[in-house]
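Chain by chain, the residues:
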Amino acid sequence: MAPEAAPLLVAESLAKGFGSGDARVEVFRGVSLTVAGGDLLAITGPSGSGKSTLLHLFAGLETPDAGRVVLDGVDWAVLAPAPRAAVRGASVGFVFQFHHLLPELTAEENVALPLFLAGRKEEDGRREAREVLDRVGLLGRATAFPRTLSGGERQRVAIARAVVRRPRLLLCDEPTGSLDATHAARVFELLAEVAKERAGAAIVVTHDPEWARRCATIKLLGEEGLSDVI
Amino acid sequence: MISFFLAKRYLLASRRDAQVGVVALAAFLGLALGVAALVVSLALLAGFQTHVRSRLLAETPHLLVTPAGRDAFHDVDRIGTKLAAVPGVVSVSPIVRGRVWVSMGRDAAPAEIVGREKTKGLVLDVLQARPLGIVPGETVTLVSSRSRLSPLGPVPIVSTLKVTGLAPSATGRRAAEASLPLDEARRLFALGPDGATGYEVFLKDPSRAEAGAAAVIAALGPSVTLTTWEEQNRALVLALRLERFVLFAAVFLIVIVAGLNLAATSAVLAATRARDAAVLSVLGASPKTVEKVFRTAGGCVGMAGTLAGVILGAAVAVLLEKFGLVPLPAQLYGMSHAPFHVDPLDVCAVATLSILWAFVVASVPARTAARQPAVEALRGA
Ligand SMILES: Nc1ncnc2c1ncn2[C@@H]1O[C@H](COP(=O)(O)OP(=O)(O)OP(=O)(O)O)[C@@H](O)[C@H]1O
Ligand SMILES: [Mg+2]
């Protein structure tokens, strides 16, 4: 990391738990990390260790119990809902563990949705969406509805949707879970490319050893609710 | 226009989605029927009012010109000529109005009487004739309130005339009056061959009676008093206006109640699409935008319902009018079937208010939906 480059994402001693009283579950405590432009990061850990929760905190979708998350110099906590949504739309691409495509929209429209929300003209949005669909190998399925797509295809559409606005921070929750090795490799290439394009970063929850070998890895230990950053 | 784009997709998809479909259909039908009822009622009211108005305009002079501060015009022809020259005036006729005693045998009763050029013979209102037991063909004596000088001193002017007919009683908006030829009236009230107590003026456009009055004042100066047909029938005109407002408000209640269904539509939609709302907010949609999506969906149902209602209501009204499907006792109303007149202005007002209301109603659950935290909805497949 070059010293003059401001870090893209800074997390300081994050703690998060759910519920209250006896039902209280501490998911993790004291997670700190700094992500600079160009970084590729993998998060691994057993189920329930808080991987998804951590990504939600990074994306400003949830508020930490302690600590803070600063994206590009701005603390999520200081943003009101509307600007928070605007920042998220412009700077964060999110791939959900469960693709979460809108069932009423075609693949192309799902991918173009972030552009539409940003006020792009319908024609332009659709054209850009098709370009990205092409990059995930789904141009031929542009007009298909999600229910007619396979699990892996849905996942790739979701990835296309996450990268279509060229966000600086890509947060992906097991994006290759339902993909074969070839497609997984292509998805990783795409994520790495998009991350590089605007000097951005990608943080990926994955159990893929290939990806884990290529990048710095955070391992959440779970159970004790403590975490360990490698 | 992302909100419209998504709302459209949701509504189209609701054909397959039983929950949303049923609620949306109920809201649509309710609103359509409510709006149709409002359009038909207003058309009926407008029909009646047009009828009443045209009868008023036929019976009542559009402008009544009377002398200010004296009893009668004497320099008649000049006034008449000046009136006829005022732009927009179609016809001018002098009248002589006054009070007389009508006597037959030993009975006598006071009566309002008016002389007009076109009247032939003496015509009494049935209300005037009945107490005296007068029937057409009988001869009555009219004793004027004016007198003439005789060698014996002042004696009342008297005229003996044959009753040529009885007129149906006046509609209640004015007193019963008898009519007789203008010359006879002039004699009774001691006016010269050109005298008149007033002029009845008919205008090309009676709805612009105020402007006509102003033009007459400009031409004749302050020596005359003007009464427009609306002022002559003030009570009736006000009642008509109030009736319209009250009916609109009363029937609009139906629309208001029907519109409440849209809250249910919008709420069910928002509840079944909570995950989509969350996804939208992750993709950069502000709570406002999310709210707009659901409000637009409810509002579109409202617009469609309103449109269908307007078309249905207008069609029903036009058919009822064309084929005279609502019969009325003709002798009571002076028409054989209920008149329907669809006023475009009424329709616009109904449509605008109904659509506005739809958006207001739909926005309440939409706002609640937009305030839900996103992550809750995103956990799980
Ligand atoms: N809203 C919530 N309410 C209560 N508990 C929650 C909530 N969100 C997460 N948790 C709990 O927090 C823990 C971490 O959840 P999280 O989804 O982050 O795990 P994960 O590491 O992504 O697991 P997986 O690999 O199965 O996806 C779990 O025990 C989960 O039950
Ligand atoms: Mg997870």
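Just so it is clear, the structure is predicted and the values come from calculations on it, not from any experiment. (Residues numbered from 1 in each chain as written. Chains lettered and ligands numbered in written order. Predicted model: local features only at pLDDT ≥ 70, side-chain atom pairs only at ≥ 80, totals over all residues. Heavy atoms only, no water.)

### Describing the overall build of chain B
For step 1, the next point in the chain: Helices and strands together make up the secondary structure of chain B, namely 13 helices and 9 strands.
For step 2, the next point in the chain: The C-alpha radius of gyration computed for chain B amounts to 33 Å, which surpasses the reference 21 Å derived for 381 residues by more than 25%, pointing to a less compact arrangement than a globule.
For step 3, the next point in the chain: Here chain B holds 381 residues, and 46% of them are scored as buried.
For step 4, the next point in the chain: Sequence separation of at least 24 residues holds for 78% of the intrachain contacts in chain B that already meet a minimum separation of 6.
For step 5, the next point in the chain: Of the roughly 18800 Å² of accessible surface on chain B, 64% is carried by carbon and sulfur atoms.
For step 6, the next point in the chain: Between the centroid of the 37 positive side chains of chain B and the centroid of its 26 negative side chains there is a distance of 9 Å. (Helix = DSSP H or I, 4+ residues; strand = E, 2+ residues; numbered from the N terminus. Rg over C-alpha atoms; globule rule 2.2 N^0.38 Å. Buried < 20%, exposed > 50% of the residue type's maximum accessible area, 1.4 Å probe, protein only. Contact = heavy atoms within 4.5 Å. Areas by Shrake-Rupley, 256 points an atom, 1.4 Å probe, with all protein chains shown as cover. Lys, Arg positive; Asp, Glu negative; His and termini not counted. Charge placed at Lys NZ, Arg CZ, Asp CG, Glu CD.)

### Description of helix α12 (residues 344-370) of chain B
Each full turn of the α-helix corresponds to 3.6 residues, which orients residues three or four apart in the same direction.
Residues and elements named next belong to chain B.
For step 1, the next point in the chain: With 27 residues, α12 extends 38 Å between its outermost C-alpha atoms, agreeing within 8% with the 39 Å of an ideal straight helix rising 1.5 Å per residue.
For step 2, the next point in the chain: The largest bend along α12 reaches roughly 30° and is located at Ser 363, with the proline Pro 365 sitting one to four residues downstream.
For step 3, the next point in the chain: Its side-chain oxygen at 2.9 Å from the backbone nitrogen of Leu 345, Asp 343 defines the N-terminal cap of α12. (Expected span 1.5 Å × (residues − 1). Bend = angle between axes of the 7 residues up to and from the residue. Polar contact = N/O pair within 3.5 Å; in protein donor to acceptor, adjacent residues only side chain to side chain.)

### Structural notes on the environment of Leu 188 of chain B
Residue and element names in this part refer to chain B.
For step 1, the next point in the chain: Structurally, Leu 188 can be placed in helix α5 (residues 182-188).
For step 2, the next point in the chain: C-alpha separation for the pair Leu 188 and Ser 147, spaced 41 residues apart in sequence, amounts to 8.8 Å.
For step 3, the next point in the chain: Non-local contacts of Leu 188, meaning those with residues more than four positions away in its chain, are made with Val 100, Leu 142, Ser 144, Arg 146, Ile 157, Val 158, Ser 159 and Leu 180.

### Regarding the sheet that holds strand β1 (residues 9-18) of chain A
Residue and element names in this part refer to chain A.
For step 1, the next point in the chain: If you trace the 4 strands from one edge of the open sheet to the other, you get β2-β1-β4-β5, paired in antiparallel fashion. Strand pairing shows two members of the sheet lacking a second neighbour, β2 (25-35) and β5 (74-75), which therefore form its edges.
For step 2, the next point in the chain: Seen against the sheet, helix α1 (residues 51-58) touches β1, β2 and β4 (66-71) and runs at an angle of roughly 130° to β1. (Pairing = 2+ DSSP bridges. Axes fitted to C-alpha atoms, helices over the stretch in contact; angles between N-to-C directions.)

### Describing the confidence of the model for chain B
For step 1, the next point in the chain: In the predicted model, chain B carries a mean pLDDT of 85, and 96% of its residues have values of at least 70.
For step 2, the next point in the chain: We note a pTM of 0.72 for the whole complex and an ipTM of 0.86 for its interfaces. (pLDDT = per-residue confidence, 0-100.)

### Comments concerning the packing of aromatic side chains
For step 1, the next point in the chain: Applying the stated criterion to the full structure yields 5 aromatic pairs over all chains.
For step 2, the next point in the chain: Relative to Phe 5 of chain B, the ring of Phe 116 of chain A lies with its centre 5.5 Å away and its plane at 75°, an arrangement referred to as edge-to-face. Of this pair, Phe 116 of chain A sits in helix α3 (residues 107-117) while Phe 5 of chain B sits in helix α1 (residues 2-13), placing the two residues on different chains.
For step 3, the next point in the chain: Given a relative accessible area of 9%, Phe 116 of chain A falls into the buried group.
For step 4, the next point in the chain: Taking NZ or CZ as reference, Arg 88 of chain A lies 6.0 Å from the ring centre of Trp 76 of chain A, over its face. (Phe/Tyr/Trp six-rings, centres within 6.5 Å; stacked < 30°, edge-to-face > 60°. Lys NZ or Arg CZ within 6 Å of the ring centre and 35° of its normal.)

### Some points on the domain arrangement of chain B
For step 1, the next point in the chain: What the domain assignment lists for chain B is domain 1 (2-56 + 236-380) and domain 2 (63-227).
For step 2, the next point in the chain: A separation of 54 Å is found between the C-alpha centroids of domain 1 of chain B and domain 2 of chain B. (Domains from an automatic or database assignment.)

### Here we look at the nonpolar core
For step 1, the next point in the chain: Within the largest apolar cluster, 98 residues are counted, with the highest numbers of intra-cluster contacts made by Phe 58 and Ile 203 of chain A.
For step 2, the next point in the chain: Top element by residues in this core is helix α6 (residues 181-197) of chain A. It accounts for 8 residues.
For step 3, the next point in the chain: Counting residues in hydrophobic clusters, the runner-up holds 25 residues, among them Ile 113, Leu 124, Ala 129 and Leu 161 of chain B. (Core = buried A, V, L, I, M, F, W, Y, C linked by side-chain atoms within 4.5 Å.)

### Quick notes on the coordination of the magnesium ion (ligand 2)
By definition of the ideal shapes, a tetrahedral metal site with four donors has angles of 109.5 degrees and an octahedral site with six donors has angles of 90 or 180 degrees.
All names here are of chain A.
For step 1, the next point in the chain: Protein-derived ligands of the magnesium ion (ligand 2) are Ser 52 (OG) and Gln 97 (OE1), with the metal-ligand distances lying across 1.9 to 2.3 Å. Highlighted residues: Ser 52 in helix α1 and Gln 97 in the loop between β6 (92-95) and α3, separated in sequence by 45 residues.
For step 2, the next point in the chain: Given the relative accessible area of 30%, Gln 97 is considered partly exposed. (Donors = N, O, S within 2.8 Å, 3.2 Å for Na, K, Ca; no water.)

### Notes on unusual backbone geometry
Excluding glycine, a negative phi dihedral is what most residues carry, and trans is how most peptide bonds are arranged.
All names here are of chain A.
For step 1, the next point in the chain: You will see that Ser 13, though not glycine, has its phi angle at about 30°, which is positive.
For step 2, the next point in the chain: Among the secondary structure elements, Ser 13 is positioned in strand β1.
For step 3, the next point in the chain: Judged by relative accessible area, which is 40%, Ser 13 ranks as partly exposed.
For step 4, the next point in the chain: A positive phi angle is found at Arg 166, which is not glycine, with a value near 50°.
For step 5, the next point in the chain: Within the secondary structure, Arg 166 sits in the loop between α5 (151-163) and β7 (169-173).
For step 6, the next point in the chain: Owing to a relative accessible area of 25%, Arg 166 belongs among the partly exposed residues under this scheme.

### Section: the interface of chain B and chain A
For step 1, the next point in the chain: Counting residues at the interface gives 25 residues for chain B, matched by 28 residues for chain A.
For step 2, the next point in the chain: Carbon and sulfur atoms supply 70% of the area that chain B and chain A bury against each other, a total of about 2300 Å² over both sides.
For step 3, the next point in the chain: Its largest share of buried area at the contact with chain A, chain B owes to Val 282, Leu 283 and Val 375 of chain B, together 26% of the area lost on that side.
For step 4, the next point in the chain: Counting every contact that joins chain B to chain A gives 2 salt bridges.
For step 5, the next point in the chain: Across the salt bridge formed by Glu 109 of chain A and Arg 9 of chain B, the nearest N and O atoms sit 2.5 Å from each other.
For step 6, the next point in the chain: Where chain B touches chain A, the interface holds 5 residue pairs in polar contact (both at pLDDT 80 or more).
For step 7, the next point in the chain: Its residues assigned to classes, the side of chain B that touches chain A comprises 15 nonpolar, 5 polar and 5 charged. (Buried area = accessible area lost by both parts, 1.4 Å probe. Salt bridge = Lys/Arg side-chain N within 4 Å of Asp/Glu carboxyl O. Nonpolar A, V, L, I, M, F, W, Y, C, P; charged D, E, K, R; others polar.)

### Some points on the side chain of Asp 346 of chain B
For step 1, the next point in the chain: When you line up the elements, Asp 346 of chain B lands in helix α12.
For step 2, the next point in the chain: Exposure remark for Asp 346 of chain B: the relative accessible area of 11% places this residue in the buried category.

### Details of the packing of helix α2 (residues 18-59) of chain B against helix α10 (residues 287-322) of chain B
For step 1, the next point in the chain: Running from N to C, α2 of chain B and α10 of chain B cross one another at 40°; their axes reach a closest spacing of 7 Å. The handedness of the crossing between α2 of chain B and α10 of chain B comes out as right-handed. (Left-handed = near helix turned anticlockwise from the far one by under 90°.)

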